[in-house]
Amino acid sequence: MADDARPRDQDIRLLDAGAALEVRLDGVTRRFHAIWLRDNAQDATTRSPSNRQRLITLTEIPADIRIADARWRDGALAVSFAPEGLSVLFDADWLATHAYDRAPPPTPGWTGHEVVRWAAADAGDLVSEDYAEVRGSLAARRRWLAAVRRHGFARLSGVPTTSGAVCEVAGLFGHVRETNYGRWFDVRAQVDAANLAYTNLGLQAHTDNPYRDPAPGLQLLACLANSVDGGESLVVDGFKVAERLQAQDPEGFALLARHPARFEYAASGVRLAAKRPILELGSDGELIAVRFNNRSAAPFTDIPYAEMAAYYAAYRRMAELVEAPELGVRFRLAPGELFIVDNLRVLHARTAFTGEGARWLQGCYADRDGLFSTLAVLEETPR
Ligand code: FE2
């Protein structure tokens with residue numbers, strides 16, 4: 001540690017009569033509010049030592065809480081609060097990690113990890129692993145799950161071509177989200193002259209089930225048979241699409257984010273409907289979800305008349321970007337291959353197919369939090 005980075009008591013200043021303090025961490029001055037420090041105290045009366053859950057409510061903290069004293073003690077900042085009379089230690093590294101007196105945002109995105117947006121030219125960066133490896137090796141599993149977190153997409157080969165095997169893959173990181181389509185569902189199309197128009201048409205890239213609330217966060221699609229001509233898979237990074245749209249048409253981006261769209265699906269015994277924006281921003285303006293599905297978009301009834309034409313222009317521009325060849329990554333799934341998409345980010349499609357043969361995929365849904373949790377635990381495990 002450089003001398004100027006060593007914590008020194010003379011670099012601590014109480015601000016606003018103890019309503020906040022200023023301290024140097026790793027050579028950088030950071031400010032912390034008394035209420036924030038008190039609420040985030042790490043002592044055993046504030047946080048359960050066993051599960052780290054908070055034991056106090058905000059109303060138990062005096063509204064006029066202030067810092068009475070602060071000084072370094074063995075690499076930790078000892079802070080005394082008044083009028084409580086409580087004194088707690090904050091590890092210097094913990095303070096540096098959680099410092100909020102900073103710009104840009106304190107964490108690299110909603111996953112807490114780097115999100116890498118990709119286009120067709122980046123196809124070589126997208127990860128494919130082997131099922132037996134991912135099952136048997138924690139390192140391989142960590143690589144595969146990290147790829148899903150980074151790219152919202154990854155492939156897997158060597159998956160058994162037995163019915164339902166797709167659920168076993170989901171079980172490697174989480175739990176299947178069962179829906180009205182079942183625990184898993186078939187995407188099967190026989191090329192049949194009597195039914196060509198229905199079964200072998202290409203599908204525009206989309207996210208699945210935006211009519212659910214919440215929409216499934218992950219989709220897995222496994223190939224059991226694919227002997228047709230065509231029938232390629234296509235994936236498009238919706239975050240890349242949104243980035244392009246924002247660069248080319250900032251107001252269009254804002255319109256798709258500001259107004260809710262509606263999605264619905266009705267079948268025998270099922271009436272699903274959700275009202276969500278096509279581009280969903282977090283409260284800090286970060287893009288956190290994309291919903292795009294021409295087949296299940298319902299009439300948009302929440303957009304003012306004065307903005308509807310501009311909204312549709314932006315929606316069209318987004319659709320053009322979704323279909324842009326330079327953004328989509330194409331590949332052909334062979335039997336035993338599978339792909340997983342972050343269904344609130346990456347759109348998927350299949351191209352039209354013809355000729356003899358069959359195309360049989362099986363899919364299932366799961367949730368992102370389970371995958372991220374499994375990955376976080378794996379990353380804490382020594383290699
Ligand atoms: Fe789909």
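Above this note sits the structure.
Figured I'd write up the structure that's included with this text.

Conventions and cut-offs
- Residues numbered from 1 in each chain as written.
- Predicted model: local features only at pLDDT ≥ 70, side-chain atom pairs only at ≥ 80, totals over all residues.
- Heavy atoms only, no water.
- Pairing = 2+ DSSP bridges.
- Helix = DSSP H or I, 4+ residues; strand = E, 2+ residues; numbered from the N terminus.
- Axes fitted to C-alpha atoms, helices over the stretch in contact; angles between N-to-C directions.
- Buried < 20%, exposed > 50% of the residue type's maximum accessible area, 1.4 Å probe, protein only.
- Contact = heavy atoms within 4.5 Å.
- Parallel < 35°, antiparallel > 145°, perpendicular 65-115°, else oblique.
- Left-handed = near helix turned anticlockwise from the far one by under 90°.
- Nonpolar A, V, L, I, M, F, W, Y, C, P; charged D, E, K, R; others polar.
- Donors = N, O, S within 2.8 Å, 3.2 Å for Na, K, Ca; no water.
- Polar contact = N/O pair within 3.5 Å; in protein donor to acceptor, adjacent residues only side chain to side chain.
- Core = buried A, V, L, I, M, F, W, Y, C linked by side-chain atoms within 4.5 Å.
- Phe/Tyr/Trp six-rings, centres within 6.5 Å; stacked < 30°, edge-to-face > 60°.
- Lys NZ or Arg CZ within 6 Å of the ring centre and 35° of its normal.

Bringing the sheet that holds strand 4 (residues 66–73) into the picture now. A sheet is described by the order of its strands in space; here three strands give the open sequence 4-5-6, paired in antiparallel fashion. The open sheet has two free edges, formed respectively by strand 4 and strand 6 (87–91), since each of these has just one partner strand. Strand-to-strand twist in this sheet, taken as the mean axis angle between neighbours without regard to direction, amounts to 25°. Where strand 5 (residues 76–82) meets strand 6, five bridges bridge the pair, whose relative direction is antiparallel. Bridge pairing in strand 6 links Ala-76 to Asp-91.

In this structure, Asp-11 sits in the segment before strand 1 (13–15). What makes Asp-11 buried here is its relative accessible area of 17%. Residues in contact with Asp-11, not counting those within four places in the same chain, are Glu-22, Val-23 and Arg-24.

Quick look at the packing of helix 7 (residues 238–248) against helix 9 (residues 305–322) now. Axis angle and axis distance: for two packed helices, these are the angle between their axes and the distance between the axes, and together they describe the pair. Between helix 7 and helix 9, the shortest axis-to-axis distance is 10 Å and the interhelical angle comes to 130°. Here helix 9 runs oblique to helix 7, going by the angle between their axes. Both helix 7 and helix 9 take part in a crossing whose hand is right-handed. Contacts from Val-241, Arg-244, Leu-245 and Gln-248 of helix 7 reach helix 9 at Ala-314, Arg-317, Met-318, Leu-321 and Val-322. Residue composition of the contact of helix 7 with helix 9, grouped by class: six nonpolar, one polar and two charged.

Ligation of the iron ion by protein atoms is provided by His-206 (NE2), Asp-208 (OD) and His-348 (NE2), these donors lying 2.1 to 2.2 Å from the ion. If you list the donors of the iron ion from N- to C-terminus, the spacing comes out as H-x1-D-x139-H. Highlighted residues: His-206 in strand 11 (residues 203–206) and His-348 in strand 21 (residues 346–350), separated in sequence by 142 residues. One exposure class covers both His-206 and His-348, and it is buried.

Glancing now at the side chain of Thr-46. Looking at where Thr-46 falls in the secondary structure, it is placed in the loop between helix 1 (34–39) and strand 4. In this structure the side chain of Thr-46 is engaged in a polar contact, spanning 2.6 Å, whose partner is the side chain of Asp-43. Aside from chain neighbours lying at most four places away, what touches Thr-46 is Arg-38, Asp-39, Ala-41, Gln-53, Arg-54, Leu-55 and Ile-56.

As a further point, take the environment of Ala-121. Structurally, Ala-121 is set in the loop between helix 2 (92–98) and strand 7 (128–130). In this structure Ala-121 comes out as exposed when scored by relative accessible area, which is 78%.

A word on the nonpolar core. If you look at the biggest cluster of nonpolar residues, it comprises 34 residues, and the most contacted ones within it are Leu-256, Ile-278, Leu-279 and Met-318. Taken together, the elements giving at least two residues each to this core come down to strand 14 (233–237), helix 7, helix 8 (250–258), strand 15 (261–267), strand 18 (287–290), helix 9 and strand 21. Sort the elements by how many residues they give to this core and helix 9 lands first, with eight residues. Among all residues touching Met-318, those that are not within four sequence positions of it are Val-241, Leu-245, Leu-256, Ile-278, Leu-279, Val-290 and Phe-292. Judged by nonpolar contacts, the second largest core, of 31 residues, contains Ala-146, Phe-173, Phe-372 and Leu-375.

Moving on: unusual backbone geometry. Glycine aside, negative phi is the norm for most residues, and most peptide bonds take the trans geometry. Note that the residue after Ala-82, namely Pro-83, is joined by a cis bond; omega there is 5°. Cis geometry marks the peptide bond from Asp-213 to Pro-214; its omega dihedral reads 0°. Assignment of secondary structure puts Pro-214 in the loop between strand 11 and strand 12 (218–226). Positive phi values are uncommon outside glycine, yet Asp-26 reaches one of about 50°.

Another aspect to go through is the packing of aromatic side chains. Counted by the stated rule, this structure contains 19 aromatic pairs. Judged by centre distance (5.8 Å) and plane angle (85°), the rings of Phe-32 and Tyr-100 are edge-to-face. You can see Phe-32 sitting in strand 3 (residues 28–33) and its partner Tyr-100 sitting in the loop between helix 2 and strand 7, a full 68 residues away along the chain. Exposure remark for Phe-32: the relative accessible area of 0% places this residue in the buried category. Each ring, one from Tyr-311 and one from Tyr-315, has its centre 6.5 Å from the other, and the planes form 45°; the classification is tilted. One end of the pair, Tyr-311, and the other, Tyr-315, are both in helix 9, four residues apart, so they sit about a helical turn from each other. Residue classification places Tyr-315 among the buried residues on the basis of a relative accessible area of 14%. Its end group placed over the ring of Trp-360, Arg-188 keeps NZ or CZ at 4.0 Å from the ring centre.

These values are about where atoms sit, not about what they do.
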